[in-house]
Number of protein chains: 2
Amino acid sequence: MEMDKYIVLGHGSGGKLSQELIRNIFLRYFDNDTLNALDDSAVLPIEGNEIAFTTDSFVVDPIIFPGGDIGKLAICGTVNDLAVMGAVPNYLSAGFILEEGLSLKTLENVVKSMANTAKQAGIKIVTGDTKVVHKGQCDQLFINTSGIGLINTKFKDNGNVEPGDAIIINGYIADHGMTIVGAREGLHLSSQIQSDCACLHTLIQALASEVEIKLARDVTRGGLATVLVELVQNSIYGIEILESAIPLRNETAGICDMLGFDPLHVANEGKLVMVVPEAQSEKAITVLKKHELGVNAAYIGNITKANPGKVVMNTVIGGKRMIQLLSGEQLPRIC
Amino acid sequence: MEMDKYIVLGHGSGGKLSQELIRNIFLRYFDNDTLNALDDSAVLPIEGNEIAFTTDSFVVDPIIFPGGDIGKLAICGTVNDLAVMGAVPNYLSAGFILEEGLSLKTLENVVKSMANTAKQAGIKIVTGDTKVVHKGQCDQLFINTSGIGLINTKFKDNGNVEPGDAIIINGYIADHGMTIVGAREGLHLSSQIQSDCACLHTLIQALASEVEIKLARDVTRGGLATVLVELVQNSIYGIEILESAIPLRNETAGICDMLGFDPLHVANEGKLVMVVPEAQSEKAITVLKKHELGVNAAYIGNITKANPGKVVMNTVIGGKRMIQLLSGEQLPRIC
């Protein structure tokens, strides 16, 4: 079978094929406890301190879209991977692969956007690299950002999730993915949806100072569904979510419907899923709503004893749906 | 002029156009003291310690060549950038951009090579990322490795270079570049030259334990010429080197001659230039020669008061030649 022997777009989906590639090739050879944890960042001991270290390559197409561009995305994506591990993002690297013939003005605009986003986030770009390939050997520009941050907030993922714990998200899902689709297809939609691309570290820090965050995850490729499935797929607990509680703009839902996308699988770039004790859920929502990136925060479900390893959604029409990982790729080059 | 407005291959050469791109775009917007130092790694304070942090993207073509492959290169390149800053390489990230249709066997071989090289170097790959782009949007696979290491050897680049100091290199130049050219052009050369691709941290550590290393630089894109020019281009001192002292295999010199390359500008992936006090130069060579990666080490020149900011080479035919940066690109996708 072809798919067994060659890379297909689904290997980059964040879904089932991505997991297989990671397990069958990367973990098999690179095998070590830190990598095997498969967290958003590696947690490394450095002389009595713990630092978070993470990497992401960005290949989004188009490189400029409503609400952001590849440069902003490259900063936010890596900042968020550090932030969800309880780290204060400190330093970034930037590696560019440029296509011969790329306009210098385009590169400058992307770099300016990276610089602005980094400045706002309080993170420094301290080391870099540039490669140029012949025309046709990459598509305009690809960016890798790696980041390090000192873990020093009181929250650190400790895996002590229990049945009853509340699952919270900080706002509307699927806006990033549907914005990219719209920009790519040249759809002149009457709606004004924009990518939710944002650095979330101040939101997490604000929440961590008032509430016990048991766990936080950046919701990106593969969407909310993927994050939830990964949370419990090797766990003795399950997850139950309420479809009607999931924040989703009418416009975004409409575009998903029109184009046949499931919003639960559509990418986000400014969304977090957090698990907090049920008793603190109300306070968590209050704190999040005070932050500009959490105005539409919602309590969407719970950790359950029932259905271990599974994510079950109570649908708006009163049914139950088992949430799965994507088996292929619905939207390549989303980030 | 086209070159003023668009990316050309020379922007990735490591030479003059690379410097312009870095100065006019990257430093202009990312501006901070750590980045502005333009060292092989950033030196970062982390709670009383200093760590080195660096990034490199690898786009070498072909991906497998005599003496190495893109995976080995991706580990050695980043290890060496850490090592020349006096750091012990500790942790690496690996970011892959894969072309749809890439054979999984090829990917597996590259990953296996990375794993073996990392293991031998005593460095762990602790975090990663994978993106897949459509067929034709990249060329097989590109790899970014970023690395961090604790700076704790007694040697740390302190810029106290003085006239008279000896300039030393650990072996033959230009083998990597000429190997890639040979592999790319399908030249079935009777010679057996191989890439010098190697992790140099144990060599540096061995030397640092016996000799005062004032400064060390990884000699890669742009070749020996580029490293030497960069060493003094903003300095009150100059450099004088002796062409006859520079280690160069006859076969490599022959291929350079035949194809019109200047070996001083040809890439290496296992070479270091080190500056040591003149009085310790003999000991340095002795120590280097005991290490398998320094068997052909040589004392090639000195820091001078004369010709500030310039590199002058005393040629084999008794003349003097001013060594310059590459103004364009002689060999794209060399690393």
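Residues numbered from 1 in each chain as written. Chains lettered and ligands numbered in written order. Predicted model: local features only at pLDDT ≥ 70, side-chain atom pairs only at ≥ 80, totals over all residues. Heavy atoms only, no water.

Overview of the nonpolar core
Next, step 1: By size, the foremost hydrophobic cluster in this structure holds 79 residues, and its most contacted members are F96, L107, L141 and L224 of chain A together with F30 of chain B.
Next, step 2: When residues in this core are grouped by element, the largest group, eight residues, is from helix α5 (residues 104–121) of chain A.
Next, step 3: When residues of this core are assigned to domains, at least three fall in each of domain 1 (39–151) and domain 2 (166–323) of chain A.
Next, step 4: Here L224 of chain A is in contact with I169, I173, V219, I246, L264, N268, V273 and I300 of chain A, once residues within four sequence places are set aside. (Core = buried A, V, L, I, M, F, W, Y, C linked by side-chain atoms within 4.5 Å. Buried < 20%, exposed > 50% of the residue type's maximum accessible area, 1.4 Å probe, protein only. Helix = DSSP H or I, 4+ residues; strand = E, 2+ residues; numbered from the N terminus. Domains from an automatic or database assignment. Contact = heavy atoms within 4.5 Å.)

Let's talk about helix α10 (residues 281–290) of chain A
Residue and element names in this part refer to chain A.
Next, step 1: Every buried residue belonging to α10 is among S281, A284, I285, V287 and L288, and all of these are buried. One side of α10 carries all its buried residues, which in axial view fall inside an arc of 165°. Seen from the buried face of α10, the exposed residues on the opposite side, beyond 90 degrees, are E282 and K290.
Next, step 2: Buried residues along α10 sit in contact with β8 (166–169), α7 (201–208), β11 (272–276) and β12 (298–304). (Arc of directions from axis to C-beta.)

Side note on the pairing of strand β11 (residues 272–276) of chain B
Residue and element names in this part refer to chain B.
Next, step 1: Within β11, five of the five residues are buried, leaving the element largely enclosed by the surrounding structure.
Next, step 2: Alternating positions in β11 separate into two faces, L272, M274 and V276 on one and V273 and V275 on the other, with burial throughout.
Next, step 3: When strand β8 (residues 166–169) meets β11, the two strands line up antiparallel, connected through four bridges. What sits directly across from I168, in β11, is M274.
Next, step 4: Pairing analysis gives four bridges linking strand β9 (residues 215–218) to β11, with the strands arranged antiparallel. Paired with D218 across the bridge in β11 is L272. (Pairing = 2+ DSSP bridges.)

Describing the confidence of the model for chain A
Next, step 1: Averaged over chain A, the pLDDT score is 94; the fraction of residues at 70 or greater is 96%.
Next, step 2: The complex model carries a pTM of 0.96, and its ipTM stands at 0.96. (pLDDT = per-residue confidence, 0-100.)

Here's the deal with the relation of the copies chain A and chain B
Next, step 1: When chain A is fitted onto chain B, the two copies agree to an RMSD of 0.0 Å after a turn of 180° and an axial shift of 0.0 Å. These values place the two chain copies in the arrangement generated by a two-fold rotation axis. Relative to the rotation axis, the closest C-alpha in chain A is found at C138 of chain A, a distance of 2.1 Å.
Next, step 2: When the interface residues of chain A are mapped onto chain B, 100% of them again lie at the interface, so the same face is used by both copies. (Least-squares fit on C-alpha atoms with pLDDT ≥ 70 in both.)

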